[in-house]
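Okay, here's what each chain looks like letter by letter:
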Amino acid sequence: MKITAIEAFAAAIPVRPEMAIKSSRVHHRISPFALVRVDTDAGLSGVGEATTMPNWSGETSSTACSIIREILAPALLEQDPLDGVRLDAIMDKAVNHNWFTKAAIEMACWDIRGKAENRPVYELLGGPCRSRTIPARFSMAAYDPATAAVKAVERVGWGFTTIKIKVGTDPEQDIARVRAVREAVGPEIAIMVDANCGWDAQTAIRCCHALEDCNLSLVEQPTPDGDYAALARVRREITPPVMADDMCFDLIHARELIRHQACDVISVYPGKNGGIRKSAEIVQLAAEHGVACSIGSNLEWDVATAAMGHLVIGLENMQVEKFPGDILGPWYHADRIVKQPLLIDRAACTIPNAPGLGIEVDWEKLKRYQT
Ligand SMILES: [Mg+2]
């Protein structure tokens, strides 16, 4: 089989105002992403999504589209879409970084392979290892403490048993926010915090010690990107498990995290990690060293969310039962641009068992949102 065309379409869909995410890094009110279609000489096409946020990975929907049109598509034409190792090598040689852009093409090629073999992607990965209905936590913005408490109670009413609270803003506000949520939801609900690199080691340790009575079940990315020693220090000095997210884009980062014994859990997802195959490599390496993985998110639409779901279902070490991840992106958005949106209900996302990613883009509807 050969790739005959790769097309990229920039589009923007608003986030529902009541669901906007505010963290130490970003106020996410609209999602300007890119959808990708890879066509082949076998008549099969695959779809991918570049979930681009500039203050997260440095990519935008425009950079994704121009890198694909000007560099990656010409380099990949005539290549076999089933040869993932070779496709990745060509993309990595042609363009540095740009994980989300490359992942869009890569997941489209998994979609093609699944359609060619008439199997869902999670089967191609060796699964199913768990239910197709994936539990998720609620990821809550860094609201003021009173608002956070009200919203957390509301989310628990929706069925969430794990609430992730964004911290890493002002330490005193962070502590007050988490404490207010714990008091409001009671002792049974799991509370995680995510600082998105917004603290340093000292601040993280101080905040986590101050929150010891709040019984945190996970502390996500408390320290800055690239500082493995700082994360390892936090892990040694606090009780809750530590998750690495914003500092793990590739296998080398994962190796360094493991070498420094810096974390208990790694947040993995195809967009951030440059594709499904590279994500699976990280999940496998982590498993060999007793480090758990869970699913992270950049507030995807349905296509990239499906890719995430297949990774979770296909790989044993994606331990979402113990560490519920983020896989509800489409639900945050004001509209969906696929024919059969993923079922997202009561704090869980269900992935279809259709061949490939199991998602069909509504290209007509997408036109409304094209930029
Ligand atoms: Mg995170």
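Residues numbered from 1 in each chain as written. Predicted model: local features only at pLDDT ≥ 70, side-chain atom pairs only at ≥ 80, totals over all residues.

**A short note on the nonpolar core**
- Within the largest apolar cluster, 116 residues are counted, with the highest numbers of intra-cluster contacts made by Ala 34, Val 36, Ala 104, Ile 105, Cys 263, Ile 266 and Val 303.
- The element contributing the most residues to this core is helix 4 (residues 99-117), with 10 residues.
- Once residues lying within four places of it in the same chain are set aside, the contact partners of Ala 34 are Ala 8, Phe 9, Ala 10, Ala 50, Thr 52, Ser 61, Ala 64, Cys 65 and Ala 104. (Core = buried A, V, L, I, M, F, W, Y, C linked by C-beta atoms within 7 Å. Buried ≥ 20, exposed ≤ 12 C-beta atoms within 10 Å, placed from the backbone. Helix = DSSP H or I, 4+ residues; strand = E, 2+ residues; numbered from the N terminus. Contact = placed C-beta atoms within 7 Å.)

**Some points on the packing of helix 2 (residues 61-76) against helix 3 (residues 84-94)**
- Packing of helix 2 against helix 3 brings their axes to within 10 Å, and their N-to-C directions diverge by 145°. Crossing of helix 2 against helix 3: the hand is right-handed. Residue-level contacts link Ile 71, Leu 72, Ala 75 and Leu 76 of helix 2 to Leu 87, Ile 90, Met 91 and Ala 94 of helix 3.
- Residue composition of the contact of helix 2 with helix 3, by class: 8 nonpolar, no polar and no charged. (Axes fitted to C-alpha atoms, helices over the stretch in contact; angles between N-to-C directions. Left-handed = near helix turned anticlockwise from the far one by under 90°. Nonpolar A, V, L, I, M, F, W, Y, C, P; charged D, E, K, R; others polar.)

**Brief notes about the sheet that holds strand 5 (residues 45-50)**
- Ordered in space as 1-4-5, the 3 strands form an open sheet in which the pairing is antiparallel. Pairing within the sheet leaves two strands with one partner each, and these edge strands are strand 1 (3-14) and strand 5. Direction aside, the axes of adjacent strands within the sheet are offset by 20° on average.
- Across 11 bridges, the pairing between strand 1 and strand 4 (residues 30-40) is antiparallel. Directly across from Ala 8, in strand 4, lies its bridge partner Val 36.
- The sheet contacts of helix 2 involve strand 1, strand 4 and strand 5, and relative to strand 1 the element is tilted by about 175°. (Pairing = 2+ DSSP bridges.)

**Some details on the sheet that holds strand 9 (residues 190-194)**
- One open sheet holds the 7 strands; their spatial order is 7-8-9-10-11-12-13, and the pairing between them is parallel. Both edges of this open sheet fall to strand 7 (138-140) and strand 13 (292-295), since each of them pairs with a single strand only. Ignoring which end each strand starts from, the neighbouring axes of this sheet average 25° apart.
- Summarising the sheet, strand 11 (residues 242-244) and strand 12 (residues 265-268) pair through 2 bridges and their orientation is parallel.

**Details of unusual backbone geometry**
- Cis geometry marks the peptide bond from Gly 127 to Pro 128; its omega dihedral reads 5°.
- Following the sequence through the fold, Pro 128 ends up in the loop between helix 5 (121-124) and strand 6 (133-135).
- The backbone of Gln 261 shows a phi angle near 50°, a positive value even though the residue is not glycine.
- By the element assignment, Gln 261 lies in the loop between helix 10 (251-259) and strand 12.
- Here Gln 261 falls in the partly exposed class, since 14 other C-beta atoms lie within 10 Å of it.

**A short note on the domain arrangement of the protein**
- Here the protein is described as being made up of domain 1 (3-118 + 362-369) and domain 2 (123-350).
- Here domain 1 and domain 2 have C-alpha centroids that lie 23 Å from each other.
- Contacts between the two partners involve 36 residues from domain 1, matched on the other side by 34 residues from domain 2.
- For the side of domain 1 that touches domain 2, the secondary-structure elements that each account for two or more residues are strand 1, strand 2 (21-22), strand 4, strand 5, helix 3, helix 4 and helix 14 (363-366). (Domains from an automatic or database assignment.)

**Some details on helix 11 (residues 276-288)**
- The terminal C-alpha atoms of helix 11 lie 18 Å apart, and with 13 residues this matches the ideal 18 Å at 1.5 Å per residue to within 8%.
- Restricting attention to buried positions, one finds in helix 11 the residues Ile 276, Lys 278, Ser 279, Ala 280, Ile 282, Val 283 and Ala 286.
- One or two residues past the end of helix 11 sits Gly 290, with phi positive at roughly 70°. (Expected span 1.5 Å × (residues − 1).)

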